[in-house]
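# Fold and contact review
Listed below are the residues making up each chain.
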Amino acid sequence: MLIVEKYGGSSLATAQRVAAAADRAADHVRAGHRVVVVVSAQGDTTDQLLSLATQVSDRPSPRELDMCLTAGEQICAALMAMALGALGVDAVSLTAAQAGIRTDGTHGDARPIGLATDRIWRELARGRTVVVTGFQGVSQAGEITTLGRGGSDTTAVALAAYLGADKCLIYTDVDGVYDRDPRKFPDAQRFDRIGHDQMLALARGGAQVLHDRSVELAKQYHVPIQVLSSFRPGPGTLVTDEPPDQP
Ligand code: ASP
Ligand code: MG
């Protein structure tokens, strides 16, 4: 199987958590799967970088802001590849430019416009696990772009679509998709399964669990997404084309 698995910032907030995420990815590799890992920046790195930028300029240039913000994912991808290496898994980290994540040129809110996946396939063919920086792309003019806050989900879904992955796993700090924010409403109900359209409505309505554009892409390319907790075992929520079951 080819698995694309994405880890969010809270799942990677410390070195120990990066190692734990690497361990999970390594399990999938040891089970015989080919694995592409997509990482967010660690913890609140992106917020910190944003704050630094606004301390040196009231109106930072969108181009330079993207240069700055994408550093968080680049650090994390290298750490993930090192952590996998320490577990005996041959891994290589790639920036979006190296991985062929092409986007339009809209700094801060770029859309993927066709991925050039040949480098990823070459690395996979060499038996390597590929770690890709989430949230970033490269424009046709060769500029570094970002996909909007929360955009590493979109990186994962775009990769799953273009690689024809068998699974797209999104590891996060909640154990699935709920009908309301489970952190605010203790009686919120988790969906075992939810349709792309209903998920899109939740994401557009402000549910943080998945980036709305990742759900749009998943719907367009019929990519099923499994939302899982990094911290607790459980079935999570399957986001699919199928009509949803009510909680
Ligand atoms: N690191 C980026 C953000 O904080 C992208 C992501 O986490 O998906 O928005
Ligand atoms: Mg997110």
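See the structure printed just above.
Quick summary incoming for the structure in this document.

Reading guide: rules and limits
Residue numbers restart at each chain and count upward from 1, following the sequence in its written direction. Numbering of ligands from 1 and lettering of chains from A proceed in the order in which they are written. Local features in a predicted model are, by the rule used here, given only for residues with pLDDT of at least 70; side-chain atom pairs are given and counted only at 80 or more, and totals for whole chains, interfaces and linings are based on all residues. Computation of side-chain values: all heavy atoms of the structure, hydrogens and water removed. What counts as a salt bridge is simple: a side-chain nitrogen of Lys or Arg found within 4 Å of a carboxyl oxygen of Asp or Glu. Each helix corresponds to a stretch of at least 4 residues labelled H or I by DSSP, and each strand to a stretch of at least 2 residues labelled E; elements are numbered beginning at the N terminus. Note on exposure labels: buried denotes an accessible area under 20% of the residue type's maximum, exposed denotes more than 50%, and partly exposed covers the range between, all computed with a 1.4 Å probe on protein chains only. Polar contact criterion, stated in full: a pair of N or O atoms within 3.5 Å, where within protein one must be able to donate a hydrogen and the other to accept it, and residues adjacent in sequence count only if both atoms are side-chain atoms. Contacts: residue pairs with any heavy atoms within 4.5 Å of one another. Paired strands are those between which DSSP finds at least two bridges. Between the N-to-C directions of two axes lies an angle of 0 to 180 degrees, each axis being a line fitted to C-alpha atoms and, for a helix, fitted only over the stretch in contact.

Considering all chains together, one arrives at 18 salt bridges under this definition. Note that Asp 47 and Arg 149 form a salt bridge whose closest N and O atoms lie 3.1 Å from each other. Taken together, the positions of Asp 47 in helix α2 (residues 45-56) and Arg 149 in the loop between β8 (144-146) and α6 (152-163) put the pair 102 residues apart, joining distant regions of the chain. Among the residues examined, Asp 47 registers a relative accessible area of 41% and is labelled partly exposed. Assessed through its relative accessible area of 45%, Arg 149 is described here as partly exposed. By sharing partners, the salt bridges in this structure join Asp 90, Arg 119, Glu 123, Arg 126 and Arg 128 into a single network.

For the rest of this paragraph, the subject is the side chain of His 211. As for its position among the elements, His 211 is in the loop between α7 (196-204) and α8 (212-221). Engagement of the side chain of His 211 in a polar contact is seen with the side chain of Thr 154, the distance being 2.6 Å. Filtering out sequence-adjacent residues up to four positions away, His 211 remains in contact with Leu 147, Gly 148, Arg 149, Gly 150, Gly 151, Asp 153 and Thr 154.

A few words now on the sheet that holds strand β5 (residues 112-115). Reading across the sheet, the four strands line up as β5-β4-β7-β8 and stay open at both edges, with mixed pairing between neighbours. The open sheet has two edge strands with one neighbour each: β5 and β8. When strand polarity is set aside, the average angle formed by the axes of neighbouring strands in this sheet is 50 degrees. Of the strands in this sheet, β7 (136-139) and β8 touch helix α3 (residues 62-86), which is tilted by about 80 degrees from β8.

The backbone phi angle of Phe 135 is positive, close to 75 degrees, even though this residue is not glycine. On the secondary structure map, Phe 135 appears in the loop between β6 (129-133) and β7. The phi dihedral of His 222 is positive, around 55 degrees, even though this residue is not glycine. Tracing the sequence through the fold places His 222 in the loop between α8 and β11 (225-229).

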